[in-house]
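These are the residues of each chain, in order.
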Amino acid sequence: MNSSPFLSLISNVRDSRFTFLKVLYFGFIFISSILYSYKKIYWILELPPFIYATVVSILYIFCILYFKRLNSFLCFNDIIILFFFFYVILSAILIHHEKTVTDRIYFILGYFIFFCIIRHLVNYIDRNDIVVSLFIVAMIQSFLGIFQYLDLLPFSYNKITGIRGTLFYSNVFGCLMTIGLCINLYLFFKTKNKFFKGILLVSLFLMGVSLMLSLSRTAYLAFFIGAAILLYFHNYHRFKAIRSKYIIISSLLFFILLSSLWAINLQSVIGRLLIWRISLNMFLEKPFFGIGYGNFFIQYGNYQADYFVSNQNNQNFINVAGMNYHPFNELIRIGVENGILGIFFVIVILCLTARTLIKSLSKYKDAYLWGTILIVILVFGTVSYPFTDLTITTIFVTCICVINSFEKACFRINFKPIYKYTILVCLFIILGLALRKMYGIQEWAKSKRLIDNNFNEGLDKYERVFPILSNNASFLFNYGAELAAVGDYQKSINVLLEAAKYGTSTELYTTLGNSYLQIKNYTLAEKSYIKAAFMEPKKIIPLYNLFHFYRITDQPNKAKLLSLKLCTKVIKIPSIVTSRIKREACSFYKTETN
């Protein structure tokens with residue numbers, strides 16, 4: 001590789017094939033980073049997995065048709081990864097045999113196809129081009145994040161949790177900034193040109209500011225680790241004599257930083273301990289094969305509700321128990337969803353990747369950069385959820401593919417026409433299904449706008465969209481809520497019960513409870529209100545709904561117990577509504593006591 005990545009990028013510009021591939025890769029990474037820009041538009045949030053699957057399918061089809069000779073040599077780790085993908089996809093389908101598989105399957109399908117594309121093309125693309133592409137995307141996001149902080153962008157952010165650029169979460173934005181800063185340091189160490197060094201110093205400052213504004217403590221720790229690794233390898237010969245001292249000092253500083261950041265927000269730490277405890281219960285229920293890919297997102301709320309029904313007096317956990325869709329540890333998520341076998345696959349893949357990386361350090365000068373990026377993402381994965389984001393997962397897959405390209409091939413795929421046609425047929429099927437889903441979401445948006453003006457026409461359109469989005473929790477909940485609004489409670493119940501198979505929320509079970517109440521099925525109404533109240537026990541309104549249900553159904557003893565809970569409940573952010581609820585509950589308790 002050229003010693004200067006920037007000069008390498010410029011020198012390859014005249015090669016049309018190289019230019020096309022680098023623009024393609026940069027465009028793909030950038031697009032994946034902006035798919036979640038509009039958080040407030042509910043139906044747009046359903047599009048990214050289908051857009052991602054569509055784009056990678058088109059790219060793979062193009063590669064098969066355009067490139068006459070694709071890289072068909074695989075190392076042992078590639079084969080293990082392919083088996084892992086097949087296992088995850090197949091187990092998800094088999095576990096969902098009684099219902100349609102969740103739409104989240106399109107994420108893993110997209111990553112699988114992207115892995116195949118990069119492994120085929122890794123020998124066509126200069127690795128420097130990938131590095132510079134990732135740097136540019138991180139730099140663009142850094143600008144967007146700073147503009148967002150200055151209120152110069154329409155993309156809102158939570159000032160308590162930090163800026164997010166056009167990514168969905170601020171901690172994922174912090175992860176991208178950490179990757180960008182590591183690449184920035186690497187380029188700064190490698191580049192001799194003073195002009196480029198000046199640009200890199202400016203970008204280092206901007207990305208550093210963005211990192212701080214993300215307010216992600218995990219990002220701070222990950223950057224410390226990444227910077228320490230890069231500094232060590234850049235000064236390898238100088239540090240070789242004092243390697244042990246360098247590792248000891250770095251480790252000591254790391255633990256000091258870790259303990260300091262830990263102490264900043266103990267509530268967050270307690271919240272993670274709660275999530276891990278409940279996740280363990282989920283894992284132990286189906287330890288061997290798991291509950292299926294994407295099902296942690298669906299099932300965690302149910303397990304949390306069951307936990308707090310049995311542990312109503314654990315106030316420390318109740319105060320931090322919000323509605324959660326992530327385990328804050330990627331290995332735990334894999335264990336819960338894919339069981340012991342999934343964990344085994346992941347450990348083997350990481351061990352083989354580490355072995356390849358260590359063997360390649362002396363031969364490939366950029367090997368330690370790819371290892372650093374991999375470690376940064378894995379550090380995030382211990383206490384956060386980087387693999388829920390398209391951009392970070394795409395970067396992770398890229399790193400694995402690049403490192404695997406360092407390994408000696410042990411298997412060759414013979415791309416006979418029959419194999420190519422089979423792959424193309426599968427890709428066209430995935431493409432067609434993804435496009436159908438996007439069409440359904442667009443029609444859903446039209447249905448929502450139409451129902452505001454004409455209920456009957458709007459509901460008819462919902463009915464026509466239903467076969468397409470029958471496994472989309474957001475659509476089903478919205479449809480069920482609209483049916484309840486027009487008084488069709490039995491049909492609303494049927495649709496909401498379907499929605500509960502693909503996603504859970506306090507709002508869903510509250511609406512379900514209201515519908516059961518209207519048809520006077522008090523037993524199931526109570527169960528729904530209880531689940532809503534204990535699914536997110538730190539909230540006061542779901543608990544108040546249960547209290548109100550007991551009052552109107554003449555159950556004074558149960559109402560009295562809940563009124564005491566409401567009266568003594570700690571409210572993090574008081575409001576007029578919460579104050580009114582507490583006054584009503586306290587008044588009821590005093591009346592019943594007297």
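Up top is the structure.
Residues numbered from 1 in each chain as written. Predicted model: local features only at pLDDT ≥ 70, side-chain atom pairs only at ≥ 80, totals over all residues. Heavy atoms only, no water.

K.L.:
Honestly, the overall build of the chain in this entry has me stumped. Any pointers?
P.N.:
The number of helices and strands found in the chain is 26 helices and 2 strands. Looking at the chain as a whole, 55% of its 594 residues are labelled buried. Taking all contacts inside the chain whose residues are at least 6 apart in sequence as the whole, residues at least 24 apart take part in 73%. When the accessible area of the chain is evaluated, it comes to approximately 27700 Å², of which 65% is carbon and sulfur surface. (Helix = DSSP H or I, 4+ residues; strand = E, 2+ residues; numbered from the N terminus. Buried < 20%, exposed > 50% of the residue type's maximum accessible area, 1.4 Å probe, protein only. Contact = heavy atoms within 4.5 Å. Areas by Shrake-Rupley, 256 points an atom, 1.4 Å probe, with all protein chains shown as cover.)

K.L.:
Help me understand the pattern of salt bridges in this model?
P.N.:
Close approach of charged atoms allows side chains of opposite charge to pair. By the definition in use, this model includes 16 salt bridges. The salt bridge involving Arg 333 is made with Glu 330; its shortest N-O contact spans 2.8 Å. With a gap of 3 residues between them, Arg 333 and Glu 330 both fall in helix α15 (residues 330–360), about one helical turn apart. Pair check on accessibility: Arg 333 and Glu 330 agree, each one buried. (Salt bridge = Lys/Arg side-chain N within 4 Å of Asp/Glu carboxyl O.)

K.L.:
It is not clear to me how the nonpolar core should be interpreted in this structure. Could you clarify?
P.N.:
By size, the foremost hydrophobic cluster in this structure holds 171 residues, and its most contacted members are Ile 179, Ile 183, Trp 370, Ile 373, Ile 377 and Ile 395. Examining the composition of this core, we find that 14 residues originate from one element, helix α5 (residues 105–121), more than from any other. (Core = buried A, V, L, I, M, F, W, Y, C linked by side-chain atoms within 4.5 Å.)

K.L.:
Got a minute to help me understand the environment of Val 346 in this structure?
P.N.:
Structurally, Val 346 is set in helix α15. Here Val 346 falls in the buried class, since its relative accessible area comes to 13%. The spatial distance from the C-alpha of Val 346 to the C-alpha of Ile 80 is 9.2 Å, given a sequence separation of 266 residues. Setting aside chain neighbours within four positions, we find Val 346 in contact with Phe 84, Leu 331 and Ile 334.

K.L.:
Any chance you could explain the environment of Asp 460 here in plain terms?
P.N.:
Inspection of the secondary structure puts Asp 460 in helix α19 (residues 455–465). Distance in space between the C-alpha atoms of Asp 460 and Ser 447 is 8.5 Å, their sequence separation being 13 residues.

K.L.:
Is there a simple way to explain the environment of Arg 412 in this structure?
P.N.:
Relative to the elements of secondary structure, Arg 412 occurs in strand β2 (residues 411–412). The sequence separation of Arg 412 and Cys 75 amounts to 337 residues, and the corresponding C-alpha distance is 8.8 Å.

K.L.:
I keep staring at the side chain of Lys 461 and nothing clicks. Help me out?
P.N.:
With respect to the element layout, Lys 461 can be found in helix α19. Setting aside residues up to four positions removed in sequence, Lys 461 forms contacts with Glu 443, Lys 446, Ser 447 and Leu 450.

K.L.:
Is there a simple way to explain helix α7 (residues 170–190) in this structure?
P.N.:
The periodicity of an α-helix, 3.6 residues per turn, causes residues three or four positions apart to be oriented the same way. Taking 1.5 Å per residue as the helical rise, α7 with its 21 residues ought to reach 30 Å, and the 30 Å between its terminal C-alpha atoms agrees with that figure. Of all 21 residues in α7, 19 are buried, a share of seventy percent or more. (Expected span 1.5 Å × (residues − 1).)

K.L.:
What should I look at first to understand the packing of helix α16 (residues 367–383) against helix α17 (residues 390–406) in this one?
P.N.:
Working note: a packed helix pair is described by the angle between its axes plus the distance between those axes. For the pair α16 and α17, interaxial distance at closest approach is 10 Å and the crossing angle is 145 degrees. Classified by chirality, the crossing of α17 by α16 is left-handed. Between α16, through Ala 367, Trp 370, Gly 371, Ile 373, Leu 374, Ile 377 and Leu 378, and α17, the contact on the second element is made entirely by Ile 392, Ile 395, Phe 396, Cys 399, Ile 400, Val 402, Ile 403 and Phe 406. Of the residues contributing to the contact of α16 with α17, the split by class is 14 nonpolar, 1 polar and no charged. (Axes fitted to C-alpha atoms, helices over the stretch in contact; angles between N-to-C directions. Left-handed = near helix turned anticlockwise from the far one by under 90°. Nonpolar A, V, L, I, M, F, W, Y, C, P; charged D, E, K, R; others polar.)

K.L.:
Looking at this model, I keep getting lost on the state of the cysteines. Mind explaining?
P.N.:
Covalent bonding between the sulfur atoms of two cysteines is what defines a disulfide. Considering all chains together, one arrives at 1 disulfide under this definition. Two residues, Cys 567 and Cys 586, share a disulfide whose sulfurs are 1.8 Å apart. Looking down the S-S bond of the Cys 567 and Cys 586 bridge, the torsion is 100 degrees, so its handedness is right-handed. In this pair, Cys 567 sits in helix α25 (residues 556–568) while Cys 586 sits in helix α26 (residues 576–593), placing the two residues 19 residues apart along the sequence. Taking the relative accessible area as the measure of exposure, Cys 567 reaches 24% and is therefore partly exposed. (Disulfide = S-S within 2.5 Å.)

Just distances and angles here, no functional claims.
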